[in-house]
Amino acid sequence: PLLKFENGFKAGARNANPDVVVETNYIHDFGNLDKGAAVAEFMVMQKGADVIFGAAGGTSIGALNWCLSNEVLTIGVDSDQFYSVYGGNETANPNLNYLLTSAQKGIDTAIDRTVREFIAGNIAESAALFAYMFDYSN
């Protein structure tokens, strides 16, 4: 999913501005909020990033929180982070307007489709697990 997220972000950014420079930074950690915040800060303060899209699971929440605290535009990941992080509460953070959107994996759709296909007898049990793991909903 990371390459799908990265390529989608790059395509969207280039569609909005063909001259945009997209910087990437792989941190190989999906559960470290402090590292997410530090990398977001680095990308903004040292690289001049205008928008942070952290696609690193829980680490992304650190980046998201740093961005909102510093009024930097950000994009959530994995689920609608307006709901999953802030409970859909517009007053949970005064800077939620800097959360532009969230890139969602669609796991709910993949599970639904896989179960329906399995029940209908269209796929074997092992194939159902494979389909769930690789999200054939997209």
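A brief look at the structure comes next.

Cut-offs and rules
- Residues numbered from 1 in each chain as written.
- Predicted model: local features only at pLDDT ≥ 70, side-chain atom pairs only at ≥ 80, totals over all residues.
- Heavy atoms only, no water.
- Phe/Tyr/Trp six-rings, centres within 6.5 Å; stacked < 30°, edge-to-face > 60°.
- Helix = DSSP H or I, 4+ residues; strand = E, 2+ residues; numbered from the N terminus.
- Buried < 20%, exposed > 50% of the residue type's maximum accessible area, 1.4 Å probe, protein only.
- Axes fitted to C-alpha atoms, helices over the stretch in contact; angles between N-to-C directions.
- Parallel < 35°, antiparallel > 145°, perpendicular 65-115°, else oblique.
- Left-handed = near helix turned anticlockwise from the far one by under 90°.
- Contact = heavy atoms within 4.5 Å.
- 1 Å grid on protein atoms, 1.4 Å probe; cavity = no way out; pocket = protein on both sides within 12 Å on 5 of 7 lines; lining within 4 Å.
- Points joined across faces, edges and corners; volume = space filled by probe spheres on them.
- Expected span 1.5 Å × (residues − 1).
- Arc of directions from axis to C-beta.
- Polar contact = N/O pair within 3.5 Å; in protein donor to acceptor, adjacent residues only side chain to side chain.

**Considering the packing of aromatic side chains**
Okay, step 1: This model, assessed by the stated rule, comprises 3 aromatic pairs.
Okay, step 2: Residues F5 and F53 carry aromatic rings whose centres are separated by 5.9 Å and whose planes lie at 75 degrees to one another, so their mutual orientation is edge-to-face. With F5 in helix α1 (residues 2-16) and F53 in strand β1 (residues 51-53), this pair connects stretches of sequence that are 48 residues apart.
Okay, step 3: Judged by its relative accessible area of 19%, F53 is buried.
Okay, step 4: Look at F82 and Y83: their rings are 5.0 Å apart centre to centre, the planes differ by 80 degrees, and that puts the pair in the edge-to-face class.
Okay, step 5: Classification of F82 as buried rests on a relative accessible area of 18%.
Okay, step 6: Here the aromatic cluster, defined as three or more aromatic residues joined through ring pairs, consists of F5, F9 and F53.

**Comments concerning the packing of helix α2 (residues 33-45) against helix α3 (residues 57-69)**
Okay, step 1: Where α2 meets α3, the closest approach of the two axes is 6 Å, and the angle between their N-to-C directions is 50 degrees. Here α2 lies oblique to α3, going by the angle between them. The two elements α2 and α3 meet at a crossing, and its hand is right-handed. Across the interface between the two elements, L33, K35, G36, A37, A40, E41 and V44 of α2 pack against G58, T59, I61, G62, A63, W66 and C67 of α3.

**Regarding the layout of surface pockets**
Empty space among the atoms can be located by rolling a probe the size of a water molecule over them.
Okay, step 1: Estimated volume of the largest pocket: approximately 880 Å³.
Okay, step 2: In this structure, the largest pocket is lined by 37 residues; those nearest its centre are F9, E23, T24, M43 and F53.
Okay, step 3: Elements that contribute at least two residues to the lining of the largest pocket include exactly α1, α2, β1 and α3.
Okay, step 4: Per-element tally for the lining of the largest pocket: the top contributor is α1, with 8 residues.

**Section: α1**
Okay, step 1: Between the first and last C-alpha of α1 there are 21 Å, a value that for 15 residues agrees with the 21 Å anticipated at 1.5 Å per step.
Okay, step 2: Of all the positions in α1, only F5, E6 and A13 are classed as buried. Summarising the axial view, the buried residues of α1 lie within an arc of 95 degrees, below the 170-degree limit, and thus occupy one face. Exposed side chains of α1 directed beyond 90 degrees from the buried face belong to L3, K4 and N15.
Okay, step 3: For α1, the secondary structure elements touched by its buried residues are β1, β2 (73-78) and β3 (99-104).

**Notes on the side chain of S60**
Okay, step 1: When you line up the elements, S60 lands in helix α3.
Okay, step 2: A distance of 2.4 Å separates a polar atom in the side chain of S60 from the backbone oxygen of G54.
Okay, step 3: Every residue in contact with S60, bar those within four places of it in the chain, is listed here: G54, A55 and V77.

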